[in-house]
2 protein chains.
Amino acid sequence: MRYGAIEAGGTKFVCAVGDEHGNIEERASFPTTKPEETLQLVFDFFHGKQIEALGVGAFGPVDVKEDSPNYGTIGNTPKLQWKDYPLLSELKSRLGVPVRLDTDVNAAALGEYMHGAAKHADSCLYITVGTGIGAGAIVNGETLQGFSHPEMGHLLVRRNTNDAYPGKCPYHKDCLEGLAAGPAIEARWGEKAQKLYHQEAVWQMEAYYLAQAIMSYTLVLSPEKIVMGGGVMKKQGLHEMIQQELETLLQRYVPLPENYLVPPGLEDNAGIVGALMLAKTAK
Amino acid sequence: MRYGAIEAGGTKFVCAVGDEHGNIEERASFPTTKPEETLQLVFDFFHGKQIEALGVGAFGPVDVKEDSPNYGTIGNTPKLQWKDYPLLSELKSRLGVPVRLDTDVNAAALGEYMHGAAKHADSCLYITVGTGIGAGAIVNGETLQGFSHPEMGHLLVRRNTNDAYPGKCPYHKDCLEGLAAGPAIEARWGEKAQKLYHQEAVWQMEAYYLAQAIMSYTLVLSPEKIVMGGGVMKKQGLHEMIQQELETLLQRYVPLPENYLVPPGLEDNAGIVGALMLAKTAK
Ligand SMILES: Nc1ncnc2c1ncn2[C@@H]1O[C@H](COP(=O)(O)OP(=O)(O)O)[C@@H](O)[C@H]1O
Ligand SMILES: Nc1ncnc2c1ncn2[C@@H]1O[C@H](COP(=O)(O)OP(=O)(O)O)[C@@H](O)[C@H]1O
Ligand SMILES: [Zn+2]
Ligand SMILES: [Zn+2]
């Protein structure tokens, strides 16, 4: 079976054609500009490719409830041209195939669950720490959804007492994303995260904040595996530092599975492979 | 169909016989003493009742993974006589019917989801604030489970700056349960919660802590409905105070569903009705 996949991000749309085992046969990437413009490039890419169905991992906010009249419509995004854009229904009518859409992070969680670092786990959480912080999860074999898709990046954390930085979240100021996403690191320490590798204090603080969030995810969801990716997680040793902080915070209250916190098995392909997997159950 | 249900608590075992619609026909309650003693009373109760299957909501820690060799065995509990007790397999072999077991809070969540305050919701969370704080959830139509059952009562919260009480959790000291369960209220203010109704400050602080936890549950799970029960939640107006704090914390980042935080629809029957529902899918 040939399926189509789109990773619809805020800066680019990655399109791919692949099979039901997650193998990507062909891909292309287009800048996210105006909806009609970007989608035209998408339609051109898929033209003649004979895909059976399409899976989409989309930037948010987006309505991900399959039974909603607005399923697949972009919500209140700062990218104003995309606000209220009916992404799924446009794709469906122009391509003439079934389409399933979920959040970008749920797609990445699904990719890692089916073909990546969590492929032998019954449940998993995928978290990306980059320009923002977001997470998706697989629970009872399905992507996690509720009244809205989860927004796990905005958890409240306890401040490190040495941290005078006020936080960068426009909603909550010093929530997790406001304190620990890449732009917060840069604003606090005056340099991009990738330029701060030699400063131990940067990564201690980062690990402390991220470990608190991992503690909450663990207590609430108890996933068998937590896959941590995104630009900031490229810092060598950060996974281990977070694991150590997590153990200190949890105080053995729950025994953690072996190899609990891991980097993505699919590297930067988690999202597009997950989107391909979404296509398999598109209706 | 006639089903059996047990709410296996740390102080008492509630047993019931009922039907697939959640109607309880008969019930009895026995003190939790030694396993053999308590179970003998349970067996006597069910003797001749001709149940098709049994559902159990159990105190924890307990192994709730149906494919585990220790499914239904009690874990490392302070009630030493129950430690490592194979509750499910004893019930199954003595009663000779299929048995399904989940945590007490997951059973309560299931009861409220099928027949209580969350019966029109697609997902829900049930939280009890009493001697301890615990929560269960229904996600994708099933009780939420991961590598271990969730332990949502031990989330970290930000301390109220006026709160000098160090916290009561033996693991984390000032986690949610350590700061906001009934015994913490009593230790901090010098009287049982039900004697403190006239002191506004008690309930402001309580609402602040509980709202932080509800914020985390909301961001991680996004349940359509949150049912809040347990002794402490009997305080009139507390649900509304928590809702208000929650709105302040969330800053409209996620629009909350109408009637999001509600008291249990089944009052104190959520757990036993949920256990009855577990029986329907016992294997
Ligand atoms: N190798 C790296 N080490 C540490 N931080 C990095 C690295 N690469 C990128 N970052 C940081 O990650 C952020 C970008 O995140 P990224 O995941 O690459 O993109 P996005 O989240 O926009 O998809 C920036 O703040 C950047 O400073
Ligand atoms: N009406 C009430 N108002 C406020 N707090 C109460 C009330 N009833 C019980 N509590 C408090 O709730 C705790 C007991 O919780 P409860 O849910 O009744 O039992 P348990 O959690 O042991 O099953 C005690 O700390 C008690 O002070
Ligand atoms: Zn925020
Ligand atoms: Zn605790």
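Residues numbered from 1 in each chain as written. Chains lettered and ligands numbered in written order. Predicted model: local features only at pLDDT ≥ 70, side-chain atom pairs only at ≥ 80, totals over all residues. Heavy atoms only, no water.

Asker: It is not clear to me how the overall build of chain A should be interpreted in this structure. Could you clarify?
Answerer: Each helix and strand in chain A was counted, giving 8 helices and 10 strands. Over its C-alpha trace chain A gives a radius of gyration of 19 Å, about what one expects of a compact globule, namely 19 Å for 283 residues. (Helix = DSSP H or I, 4+ residues; strand = E, 2+ residues; numbered from the N terminus. Rg over C-alpha atoms; globule rule 2.2 N^0.38 Å.)

Asker: I tried to follow the coordination of the zinc ion (ligand 4) on my own but got confused; where do I start?
Answerer: Each angle at a metal carrying four tetrahedral donors should ideally be 109.5 degrees, and each at a metal carrying six octahedral donors should ideally be 90 or 180 degrees. Residues and elements named next belong to chain B. Coordination of the zinc ion (ligand 4) by the protein involves H154 (ND1), C169 (SG), H172 (ND1) and C175 (SG), with metal-donor separations of 2.0 to 2.3 Å. If you look at the zinc ion (ligand 4), its 4 donor atoms make angles of 105 to 118 degrees with each other, and the shape they trace is tetrahedral. For the zinc ion (ligand 4), the donor residues sit on a single chain with the sequence spacing H-x14-C-x2-H-x2-C. Given a relative accessible area of 9%, H172 falls into the buried group. (Donors = N, O, S within 2.8 Å, 3.2 Å for Na, K, Ca; no water. Tetrahedral: all angles 85-135°; square planar, octahedral: opposite > 155°, others 65-115°. Buried < 20%, exposed > 50% of the residue type's maximum accessible area, 1.4 Å probe, protein only.)

Asker: Hey, could you run me through the interface of chain A and chain B in this one?
Answerer: Where interface size is given, it is often the accessible area lost as the parts come together that is meant. Between chain A and chain B, the residue contacts involve 46 residues of the former and 46 residues of the latter. Overall, the association of chain A and chain B removes approximately 3,800 Å² of surface from exposure, summing both partners, and the carbon and sulfur fraction of that is 61%. On the chain A side of the interface with chain B, the three residues burying the most area are F147, R158 and Y253 of chain A, jointly 21% of the side's total. Our count for the chain A to chain B interface comes out at 6 salt bridges. Put simply, K65 of chain A and D122 of chain B hold a salt bridge, and the shortest N to O gap is 3.5 Å. Broken down by secondary-structure element, the contributors of at least two residues to the side of chain A that touches chain B are β8 (142-143), α6 (200-221) and α7 (238-250) of chain A. No other element matches the 8 residues that α6 of chain A contributes to the side of chain A that touches chain B. Taken together, the residues of the side of chain A that touches chain B break down into 23 nonpolar, 14 polar and 9 charged. (Contact = heavy atoms within 4.5 Å. Buried area = accessible area lost by both parts, 1.4 Å probe. Salt bridge = Lys/Arg side-chain N within 4 Å of Asp/Glu carboxyl O. Nonpolar A, V, L, I, M, F, W, Y, C, P; charged D, E, K, R; others polar.)

Asker: I'm lost on the pairing of strand β4 (residues 53-58) of chain A in this one. Help?
Answerer: Across a regular strand the side chains alternate sides, sitting on one face of the sheet and then on the other. Residue and element names in this part refer to chain A. Burial of β4 is extensive: 6 of the 6 residues sit out of reach of the surface. Here β4 shows no split at all, with A53, G55 and G57 on one side and L54, V56 and A58 on the other all buried. In this sheet, β4 lies alongside strand β1 (residues 3-8) in parallel orientation, the contact comprising 6 bridges. Opposite I6, over in β4, you have V56 as the bridge partner. When β4 meets strand β5 (residues 99-103), the two strands line up parallel, connected through 5 bridges. Its bridge partner being in β5, A58 is matched across the sheet by T103. Traced from β4 through helix α2 (residues 87-95) to β5, the parallel crossover comes out right-handed. (Pairing = 2+ DSSP bridges. Right-handed = clockwise from strand over helix to strand, strands pointing away.)

Asker: In this structure, what is going on with the coordination of the zinc ion (ligand 3)? I would like to understand it.
Answerer: Residue and element names in this part refer to chain A. Looking at the zinc ion (ligand 3), one finds its protein donor set to be H154 (ND1), C169 (SG), H172 (ND1) and C175 (SG), positioned 2.1 to 2.4 Å from the metal centre. Relative to the metal, the 4 donor atoms surrounding the zinc ion (ligand 3) lie at angles of 103 to 119 degrees, and the coordination shape comes out tetrahedral. The sequence pattern describing where the donors of the zinc ion (ligand 3) fall on their chain is H-x14-C-x2-H-x2-C.

Asker: Help me out: how do you make sense of the sheet that holds strand β8 (residues 142-143) of chain B in this one?
Answerer: The strands making up a sheet associate through backbone hydrogen bonding, with each pair oriented either parallel or antiparallel. Residues and elements named next belong to chain B. Ordered in space as β8-β7-β6-β9-β10, the 5 strands form an open sheet in which the pairing is mixed. In the strand order of this sheet, the two ends are held by β8 and β10 (261-262), each with one partner. Here 2 bridges tie strand β9 (residues 225-229) to β10, and the two strands are oriented parallel to one another. Note that in β10 the partner of I226 across the bridge is L261.

Asker: What is the right way to look at the sheet that holds strand β4 (residues 53-58) of chain B in this model?
Answerer: All names here are of chain B. The strand order β3-β2-β1-β4-β5 describes an open sheet built from 5 strands, whose pairing is mixed. Edge positions in the sheet fall to β3 (24-31) and β5 (99-103), since each of these pairs with one other strand and no more. Between one strand axis and the next, the sheet turns through 15 degrees on average, direction left out of account. As paired strands, strand β2 (residues 12-18) and β3 are joined by 7 bridges and run antiparallel to one another. (Axes fitted to C-alpha atoms, helices over the stretch in contact; angles between N-to-C directions.)

Asker: Even after reading the chapter, I still don't get unusual backbone geometry, so can you show me in this structure?
Answerer: A negative phi holds for most residues other than glycine; trans holds for most peptide bonds. The omega torsion of the bond from G60 of chain A to P61 of chain A falls at -5 degrees, within 30 degrees of zero and hence cis. Tracing the backbone through its elements, the reader meets P61 of chain A in the loop between β4 and α2. Its identity as a non-glycine residue notwithstanding, Q50 of chain B has a phi of 55 degrees, on the positive side. Turning to its location among the elements, Q50 of chain B is positioned in the loop between α1 (35-46) and β4.

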